[in-house]
Amino acid sequence: MNWLRLFNTESRSLEKVSPLDGKTIRLYTCGPTVYNFAHIGNFRTYIFEDLLRRTIKHFGMSIFQVMNLTDIDDKTLKGAIENGITLDEFTRPYKKAFFEDLAILGIERVEAYPEATAYIPAMIKLIQRLLEKGIAYSGADGSIYYAIRKFSTYGRLSHLNLEDLKVGASERIADEYDKENAADFVLWKAYDLERDGKIFWQSPFGPGRPGWHIECSAMAMDILGDSIDIHAGGVDNMFPHHENEIAQSEACSGHRFVKIWIHSEHLLVDHKKMSKSLGNFYTLRDLLQKGYTGRHVRFMLLSTHYRTQLNFTFQGMQAAVSSLERFDDFIERLSQVDEQTAHGKMGPLHNSASLIKEAYQKFNEALADDLNISLALAALFDLVRMVNTQIDQKEVSVHEAKEVLNFLRQIDQVLGIFFVGKDEEEIPIEIQELLRKREEARARKNWKLSDECRDLLQEQSYLIEDTLKGARLKKVHKL
Ligand code: AMP
Ligand code: ZN
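Everything numeric in this text was worked out from a predicted model, so none of it was measured.

Looking now at the site of ligand 1. What surrounds ligand 1 is a group of 16 residues, the closest being G41, T45, G234, D236 and L267. The separation between an oxygen atom of ligand 1 and a polar main-chain atom of T33 is 3.0 Å. Here G234 contributes a backbone N or O atom positioned 3.1 Å from an oxygen atom of ligand 1. For ligand 1, the accessible surface in isolation is 500 Å², of which the surrounding protein chains cover 88%. Listed by contribution, the elements that provide at least two residues to the shell around ligand 1 are helix 1 (40-58) and strand 9 (228-234). By residue number, the principal contributor to the shell around ligand 1 is helix 1, which donates four residues. For the shell around ligand 1, the class distribution of residues is four nonpolar, 10 polar and two charged.

What follows covers the domain arrangement of the protein chain. Assigned domains of the protein chain: these are domain 1 (5-264), domain 2 (315-423) and domain 3 (427-475). Measuring from the centre of the C-alpha atoms in domain 1 to the corresponding centre in domain 2 gives 41 Å. Taken together, the contact pairs 12 residues of domain 1 with 15 residues of domain 2. Counting each side, the surface lost to burial between domain 1 and domain 2 is near 1,100 Å², with a carbon and sulfur contribution of 63%. Contact with domain 2 buries surface across domain 1, with L51, R54 and H58 losing the most and accounting together for 45% of the total. Scanning the region where domain 1 abuts domain 2 turns up zero salt bridges. Our count for the contact surface shared by domain 1 and domain 2 stands at five residue pairs in polar contact (both at pLDDT 80 or more).

Moving on, we get to the pattern of salt bridges. Counted by the stated rule, this structure contains 35 salt bridges. E439 is paired through a salt bridge with R438; the nearest N and O atoms lie 2.9 Å apart. Residue E439 is classed as partly exposed on the basis of its relative accessible area, which comes to 30%. Residue D455 is joined to R454 by a salt bridge in which the shortest nitrogen-to-oxygen separation is 3.2 Å. By relative accessible area, D455 is classed as partly exposed at 35%. Residues participating in the shared-partner salt-bridge network are D50, R53, R54, K57, E108, E111 and R298.

The next thing to look at is helix 14 (residues 398-415). When the terminal C-alpha atoms of helix 14 are compared, their 25 Å separation across 18 residues agrees well with the 26 Å that a helix rising 1.5 Å per residue should span. Buried within helix 14 are the following residues: V398, E400, A401, V404, L405, F407, L408, I411, D412, V414 and L415.

Calculation rules
- Sequence positions are assigned chain by chain, starting from 1 and proceeding in written order.
- The order in which chains are written sets their letters, starting at A; the order in which ligands are written sets their numbers, starting at 1.
- At least 70 in pLDDT is required for a residue's local features to be given in this predicted model, at least 80 for side-chain atom pairs to be given and counted, and no such filter applies to totals for whole chains, interfaces and linings, which use all residues.
- Values reported for side chains reflect all heavy atoms of the structure, with hydrogen atoms and water molecules removed beforehand.
- Any residue with a heavy atom lying within 4 Å of a molecule or strand is counted as near it.
- Definition of a polar contact: a pair of N or O atoms within 3.5 Å, with one able to donate and the other able to accept a hydrogen when the atoms are protein atoms, and with sequence-neighbouring residues admitted only if both atoms are side-chain atoms.
- All accessible areas in this document rest on Shrake-Rupley with a 1.4 Å probe, and a residue is counted as covered only by the protein chains that are shown.
- A run of DSSP states H or I qualifies as a helix once it reaches four residues; a run of E qualifies as a strand once it reaches two. Both are numbered from the N-terminal end.
- For this scheme, ten residues count as nonpolar: Ala, Val, Leu, Ile, Met, Phe, Trp, Tyr, Cys and Pro. Four count as charged, namely Asp, Glu, Lys and Arg, and the remainder, Gly too, count as polar.
- By convention here, the domain bounds are inherited from an automatic or database domain assignment.
- Whether two residues touch is decided by their heavy atoms; if any such pair falls within 4.5 Å, the residues are in contact.
- Accessible surface is computed with a 1.4 Å probe, and the buried area is the amount of it that two parts give up when combined, taken over both parts together.
- A pair is scored as a salt bridge if a Lys or Arg side-chain nitrogen falls within 4 Å of a carboxyl oxygen belonging to Asp or Glu.
- Only protein chains enter the accessibility calculation, which uses a 1.4 Å probe; a residue is then buried when its area is under 20% of its type maximum, exposed when over 50%, and partly exposed in between.
- Multiplying 1.5 Å by the helix residue count minus one yields the expected span of that helix.

Laid out in structure tokens, this is it:
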């Protein structure tokens, strides 16, 4: 039995994953702010969370996962106001695009996608409780703030020292006359005509809108309960967002909010933070336009361990394409094993079965060890290399080839890279037709026509590879 262990940011140690209620893992993941298309950095985090989800299921646990959609924040309001449309009109296309992108990347649908706009009453309730307990207070501007000094373990997740925060805060206190302490954070932002246009919600504390942190506390507790198993997000969410979630939720409920906190490191581009002004900002759609597929992007994002920074480059993207090609070629080869290539070897499995067993064991051990994807993939590459050699030597029976294929299908429930989304990569009919024409021309020694076909294929980013089994097309990606 493999026990899944994860690195808990709070305890800074590996901890065994087992459901608090003995039945279902309750996982909360901070979702997208829907003011724009999600970028590949966001998807690095969502792919890591998808691997986490699939691994939990792989180890036989059931899961209930929530991913919120942040449709109320400074950026969504600004977008709606600048475009002169309602908040819903502004965010709806980005919500739709987000789900399209998830499907392209083979990210599994989770059990609930709550939207902040639908949870205002739950947020108001939490804020009222915090006011009653004397932990929240009304600032000079009518906004409601959380007094962090009232929560004695504030800073315990990000390992920040409350005293440091207070010192830092007192230096800035002169500009922050609305709050008692500059490090306090907002729970309810009082309405401001100039800033908020026509967008506000009514509340017992006057018109306004919730702060971002209370949104996640309310959605998490409303759907998953006071105590949840795992809370995940990118490392930038750790402070202050997750720290504030703990302070809000625990002060309200009196229970431990989260058992295991897990954070993924950032994706950088050419070792720099992605930004539009540096010209190194990519959405999934940008990469698709360059000819990569969802599977390529998924593999690239998946194959670096989540606690290591991932430096995105187009060379790295090409390496992902090549790795997938190796797997694809292998799968193709396995499906072509027939009685002749196998020399009629029909006997019971011996070699492949033990190779599969070994690969499976290594794969499981690696994933159980804080999702060590590099080792998990290495076990599969070893298997590919060894079985390929056996196929070369005609030692693999049809039955064995099928067993290996079944094994890869099983593993793909966790990885989602071998079979998912492959159909979309099929070569378009017109391109296949051009290749056929070129083959015909060559057979008739019509070199002019065959060259013309080759050039036309190249214009459409397809290179011809002549192999022993005939010509094959290879898609080239634009950098
Ligand atoms: P946001 O839409 O900014 O609230 O971010 C949604 C999720 O993406 C959060 O979990 C962030 O931590 C994560 N995220 C944002 N930028 C990056 C990045 N460059 N690399 C990895 N994760 C990121
Ligand atoms: Zn959140």
